[in-house]
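Examining the three-dimensional arrangement
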Amino acid sequence: MDEGFRNAVTSDAIKERARAEGFTKVGIVSAASLDEEGRRLKEWLARGYHGTMSWIARDVEKRVNPRTIFPAARSVVVVALNYYTPHQHEQNPSTGKVSRYAWGDDYHEVVAEKLRALLAWIKEQDPQAEGKVCVDIQPVMDKAWAVRAGLGWLGKHSNVITPEYGSWVFIGELLLNLDLDYDVERVEDHCGTCTLCIDACPTAAITEPYVVDSNKCISYVTIELRGPELPREIEPNLAGWMYGCDICQDVCPWNRFEQVTGEPRFAPREGNVNAALRDIVELSHDAYVERFRGSAMKRAKLAGLQRNALALLNQNEKP
């Protein structure tokens, strides 16, 4: 690329615009292959820790090398968006707790919208610029890119922790065909000797620091796992969670630095902090479609939500 093309838009300008779009943190790194992270991913897959999420194993090369999904990629703009709101779960056995990330509008749409706006602005500055927006759905290693871009470190619970906002952040990427100035500083791992997340997990899903066995994880079981029944060893340990689980994040000392998000679309929808279990069980398909339109909770499907709700109701009925 010639210098005129390279310098048409700067890293500083992109970062400033990303913050103007509402992103909490932003870093820019080279679109180089994630070789070490890919090695750890393959080890994790070899242990079968991905459970039934077979698509992860199919897309390993795409996850490791961003140029397999956007061949022109030269740079990766990595963004974080704070989603914390000050609401708290009720301790009500007639309801099921919902993971904080799913309280408001679907983050895929919110983050993608902001990234598309950022890409449109970049193209205005440089008509030769091209890019691809990635938000979880695409086979991209979001957490690895966030660490590489200096947004935070990978906590022992395997979530990215930012020093300013804790782990209550969504991550997204914008792959660009531009050569830019890159961030080289990474955030030091500040977990230290703390094992609160490991000790608090009711199903022992964090098998060792930084490693989660999805088969034992309440979030995986209540969201991704399909089937009429929950695993026998997991169901008694749901701890009131109907969709997802935040236990390892709730106990993390770094989440005492949480700050309220400025994004109004992450405010909880009615019934999405604690869901009335009987209401979920009695939902018709049409009512389900209407209630969860634009919500990340669609991921579990109606059958999954009703299975989870029934499991919690059955626990309540036991002496």
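Residues numbered from 1 in each chain as written. Predicted model: local features only at pLDDT ≥ 70, side-chain atom pairs only at ≥ 80, totals over all residues. Heavy atoms only, no water.

Digging into the overall build of the protein
Helix and strand counts for the protein stand at 13 helices and eleven strands. In summary, the protein has a C-alpha radius of gyration of 20 Å against a globular reference of 20 Å for 319 residues, a match within 12%. By residue count, 53% of the 319 residues in the protein fall in the buried class. A sequence separation of at least 24 residues applies to 77% of the contacts in the protein between residues at least 6 apart. (Helix = DSSP H or I, 4+ residues; strand = E, 2+ residues; numbered from the N terminus. Rg over C-alpha atoms; globule rule 2.2 N^0.38 Å. Buried < 20%, exposed > 50% of the residue type's maximum accessible area, 1.4 Å probe, protein only. Contact = heavy atoms within 4.5 Å.)

Quick notes on the environment of Ala204
Along the chain, Ala204 falls in the loop between helix H8 (196-200) and strand E8 (206-208). Exposure remark for Ala204: the relative accessible area of 43% places this residue in the partly exposed category. The spatial distance from the C-alpha of Ala204 to the C-alpha of Lys216 is 6.9 Å, given a sequence separation of twelve residues.

Topic: the pattern of salt bridges
As a working rule, side chains carrying opposite charge can pair if their charged atoms are close by. What the rule picks out here adds up to 17 salt bridges. Close ionic contact of Glu36 with Arg40 constitutes a salt bridge, the shortest N to O distance being 3.3 Å. Of this pair, Glu36 and Arg40 both sit in helix H3 (residues 35-46), four residues apart, which is roughly one turn of the helix. Here Glu36 falls in the partly exposed class, since its relative accessible area comes to 39%. Between Glu130 and Lys123 there is a salt bridge; the shortest N-O distance is 3.5 Å. Judged by its relative accessible area of 34%, Lys123 is partly exposed. Through salt bridges that share partners, Glu36, Arg39, Arg40 and Glu43 make up one connected network. (Salt bridge = Lys/Arg side-chain N within 4 Å of Asp/Glu carboxyl O.)

Some thoughts on unusual backbone geometry
Even without glycine at this site, Ala204 takes up a positive phi of about 55 degrees. At Lys301, a residue that is not glycine, the phi angle is positive and equals roughly 65 degrees. Mapping Lys301 onto the fold places it in helix H13 (residues 301-317). On the accessibility criterion, Lys301 (47% relative accessible area) is partly exposed.

Focus on the pairing of strand E2 (residues 75-82)
Burial runs high along E2: eight of the eight residues are buried. Burial of the side chains of E2 extends over both faces: Ser75, Val77, Val79 and Leu81 are buried on one face and Val76, Val78, Ala80 and Asn82 on the other. Sheet analysis places strand E1 (residues 25-30) next to E2, joined by six bridges and oriented antiparallel. Paired with Gly27 across the strands is Val78, a residue of E2. By the bridge criterion, eight bridges tie E2 to strand E7 (residues 169-176) in an arrangement that is antiparallel. Residue pairing in the sheet places Ser75 in a bridge with Leu176 of E7. (Pairing = 2+ DSSP bridges.)

Examining helix H2 (residues 11-20)
For H2, the full list of buried residues reads Ser11, Ile14, Lys15 and Ala18. Here the buried residues of H2 occupy an arc of 100 degrees about the axis, which is enough to place them on one side. Facing away from the buried surface of H2 by more than 90 degrees, the exposed residues are Asp12, Glu16 and Ala20. At the exit of H2 stands Gly22, carrying a positive phi of roughly 110 degrees. (Arc of directions from axis to C-beta.)

Section: the layout of surface pockets
By volume, the second largest pocket is sized at about 180 Å³. Lining the second largest pocket are 14 residues, and of these Gln88, Arg100, Trp168, Gln249 and Asp250 lie nearest its centre. Taken together, the residues that form the lining of the second largest pocket break down as four nonpolar, five polar and five charged. (1 Å grid on protein atoms, 1.4 Å probe; cavity = no way out; pocket = protein on both sides within 12 Å on 5 of 7 lines; lining within 4 Å. Points joined across faces, edges and corners; volume = space filled by probe spheres on them. Nonpolar A, V, L, I, M, F, W, Y, C, P; charged D, E, K, R; others polar.)

Here's the deal with the nonpolar core
Among the nonpolar cores identified, the biggest contains 102 residues, and Ile14, Ile122, Met242 and Tyr243 are the most heavily contacted of them. The leading source of residues in this core is helix H6 (residues 107-125), at nine residues. Filtering out sequence-adjacent residues up to four positions away, Met242 remains in contact with Gly96, Lys97, Val98, Thr222, Ala275, Leu277, Ile280, Met297, Leu305, Asn308, Ala309 and Leu312. (Core = buried A, V, L, I, M, F, W, Y, C linked by side-chain atoms within 4.5 Å.)

Here's the deal with the sheet that holds strand E3 (residues 95-98)
Two orientations exist for strands paired in a sheet by backbone hydrogen bonds: parallel and antiparallel. The strand order across the open sheet formed by three strands is E10-E3-E11, and the pairing between neighbours is mixed. Either end of the sheet is taken by a strand with one partner, and the two such strands are strand E10 (241-243) and strand E11 (274-276). Within the sheet, the average angular offset between the axes of one strand and its neighbour, ignoring direction, is 50 degrees. Where E3 lies against E11, three bridges are found, and the strand directions are antiparallel. Bridge assignment links Lys97 to a residue of E11, and that residue is Asn274. Across the sheet, H13 is in contact with E3 and E10; its angle to E10 comes to roughly 170 degrees. (Axes fitted to C-alpha atoms, helices over the stretch in contact; angles between N-to-C directions.)

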